[in-house]
Amino acid sequence: MFKTIDDLIADRHGVAGKPVLVREDLNVPMHEGRVSDDTRLRAAMPTLAELADHGAKVLVLAHFGRPKGKVDPEFTLRPIAEALGEVMGRHVGFLASPDRHAIDVLEPGSITVLENSRFYPGEEKNDPVLARQMASLGDFYVNDAFSAAHRAHVTTEGLAHLLPAFAGRAMEAELKALEAALGKPEHPVAAVVGGAKVSTKLDVLTHLVGKVDHLIIGGGMANTFLAARGVDVGKSLCEHDLADTANAILEAADKANCTVHLPYDVVVAKEFGANVPCHTANVHEVAADEMILDVGASAVEALSDVLKTCRTLVWNGPLGAFEYPPFDTATVALARTAAALTREGTLVSVAGGGDTVAALNHAGVADDFSFVSTAGGAFLEWMEGKVLPGVKALEG
Ligand code: ADP
Ligand code: MG
């Protein structure tokens, strides 16, 4: 278990007037010098506001881009600190080269962003000397950046060993959602794994087989499984060299009592693109010059019925080439079923992955899922069953 902001605020010495180092994810997309998507800034708000409202001197640690251990004005956090202030509707300061003196004179209740942690060569090496220097700036450490927790850097891991460490509100919400989805989930559990290639998600598939009751495989990777079972998938995206691996996963699933669902009808086309001519076919009827671009309507209906029997769903990867309509149909339909079951209260639904989040937004259901993770790499490593160093350090 990990401590949260509740424990920090309940600390008998309190946080009023104390400097608190808070790791956030401020690695936002920028366009022409302006923040083009402020999702991450809004995610950072609750923790920063709560600590400031309790009188802490909030010192925000974050990285931006890949400056590779050198001071590089292109990657300064200064404009992002300003954008954070706008989003929060309160003053957010900025310190380019923080030292204890500069921090002593800060007002209690203030929020100050410290310059890009990756300007220090020791950050990504988890250098103990840098860790001690940074730790000397604060009395407490809060990690609120789940998305960076798969990296053992000074600001994501090292500091947790040197200062009393706590999970921020966003980190807490993410860890609780992930625990409910795969840690100690209510069974039956279904996992949807889709996307382009088996090779990028081998560890995910292998881990899930031992964890879930239903493994629903869609997207391009379903073709690799179908081909491994002897189905001719025409010119579909398919990793023929992974046939043995796919069969081994199917066997492991069988042993673990995990039912694997592969599509039995599919939507095929001769070319890749939006609104190209296409039709639905049985998987055994795919022509040599056709490719599978989506799961068929009958299979989706059967998958919806599977979800209706489940209590928990974890989803990574779209079922089809959802960027090109109508190959978004299966993903949208199954996402809407999951959303409806979640609204009705019978299903806990957790989803993550860059394209998955985009697909759920496209289906208009992201808000209806129990939790949607925007953490990318960290989310996938968690799906692989890996222990994330940033999370482990909070627990240890
Ligand atoms: P995520 O980012 O959510 O982890 P992935 O990156 O693994 O998801 O997969 C998303 C990509 O998979 C999309 O670009 C989508 O077009 C592609 N894809 C899904 N189904 C197919 C298919 N049948 N053939 C080719 N590409 C597919
Ligand atoms: Mg992707």
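Anything mentioned here points back to the structure above.
Bear in mind that the values here come from a model prediction, so they are computed numbers and not experimental data. (Residues numbered from 1 in each chain as written. Chains lettered and ligands numbered in written order. Predicted model: local features only at pLDDT ≥ 70, side-chain atom pairs only at ≥ 80, totals over all residues. Heavy atoms only, no water.)

A. Looking closely at the pattern of salt bridges. This structure, assessed with the given rule, holds 17 salt bridges. For Arg40, the salt bridge goes to Asp25, with nearest N and O atoms at 3.0 Å. Linking Arg40 in helix α2 (residues 39-53) with Asp25 in the loop between β1 (19-23) and β2 (30-31), this pair joins segments that are 15 residues apart in sequence. The partly exposed category is assigned to Arg40, whose relative accessible area is 26%. A salt bridge links Lys386 to Glu384, with the nearest nitrogen and oxygen atoms 2.7 Å apart. Since its relative accessible area comes to 18%, Glu384 is described here as buried. When salt bridges that share partners are traced, they join Asp6, Glu50, Arg169, Glu172 and Lys176 into one network. (Salt bridge = Lys/Arg side-chain N within 4 Å of Asp/Glu carboxyl O. Helix = DSSP H or I, 4+ residues; strand = E, 2+ residues; numbered from the N terminus. Buried < 20%, exposed > 50% of the residue type's maximum accessible area, 1.4 Å probe, protein only.)

B. Examining the site of ligand 1 more closely. Close to ligand 1 lie 19 residues, the nearest being Lys201, Ile292, Glu323, Asp355 and Thr356. In this structure, Asn316 approaches ligand 1 through a side-chain N or O atom, which is 3.2 Å from an oxygen atom. Measuring from an oxygen atom of ligand 1, one finds a backbone N or O atom of Asp355 at 2.9 Å. Per-element accounting of the shell around ligand 1 gives the leading share, three residues, to helix α12 (residues 354-363). For the shell around ligand 1, the residue count by class is seven nonpolar, nine polar and three charged. (Near = heavy atom within 4 Å. Polar contact = N/O pair within 3.5 Å; in protein donor to acceptor, adjacent residues only side chain to side chain. Nonpolar A, V, L, I, M, F, W, Y, C, P; charged D, E, K, R; others polar.)

C. The arrangement of the sheet that holds strand β8 (residues 165-167) in detail. The strand order β5-β6-β4-β1-β7-β8 describes an open sheet built from six strands, whose pairing is parallel. If you trace the sheet from one side to the other, it starts and ends with β5 (92-95) and β8, each paired once. Direction aside, the axes of adjacent strands within the sheet are offset by 30° on average. Pairing of strand β7 (residues 140-143) with β8, which is carried by three bridges, proceeds in the parallel orientation. Across the sheet, residue Val142 finds its bridge partner in β8, namely Phe166. (Pairing = 2+ DSSP bridges. Axes fitted to C-alpha atoms, helices over the stretch in contact; angles between N-to-C directions.)

D. Region of interest: the packing of α2 against helix α3 (residues 78-88). With their axes 10 Å apart at the nearest point, α2 and α3 run at an angle of 70° to one another. Compared by their axis directions, α2 and α3 come out roughly perpendicular. Each of Leu41, Arg42, Met45, Leu48 and Ala49 in α2 lies in contact with α3, whose residues at this interface are Ile80, Ala83, Leu84, Val87 and Met88. Of the residues contributing to the contact of α2 with α3, the split by class is nine nonpolar, no polar and one charged. (Parallel < 35°, antiparallel > 145°, perpendicular 65-115°, else oblique. Contact = heavy atoms within 4.5 Å.)

E. Geometry of the pairing of strand β10 (residues 214-217). Of the two faces of β10, both are covered, the one formed by His214 and Ile216 as well as the one formed by Leu215 and Ile217. By the bridge criterion, four bridges tie strand β9 (residues 189-193) to β10 in an arrangement that is parallel. Pairing of Val193 across the sheet is with Ile217, part of β10. Running through helix α7 (residues 202-209), the crossover from β9 to the neighbouring parallel element β10 is right-handed. (Right-handed = clockwise from strand over helix to strand, strands pointing away.)

F. Molecular detail of the environment of Ala393. Relative to the helices and strands, Ala393 resides in helix α14 (residues 389-395). By relative accessible area, Ala393 is classed as buried at 6%. For the pair Ala393 and Phe369, spaced 24 residues apart in sequence, the C-alpha separation works out to 29 Å. Every residue in contact with Ala393, bar those within four places of it in the chain, is listed here: Glu157, Ala160 and His161.

G. Expanded view of the sheet that holds β9. Ordered by their spatial adjacency, six strands build an open sheet running β11-β10-β9-β15-β16-β17, and the pairing between neighbours is parallel. What marks the edges here is a single partner per strand, and that holds for β11 (259-261) and β17 (371-373). Adjacent strand axes in the sheet meet at a mean angle of 15° when their direction is disregarded. Relative to β17, strand β16 (residues 348-352) runs parallel, the two sharing three bridges. By the bridge assignment for β17, Gly352 is matched with Ser373.

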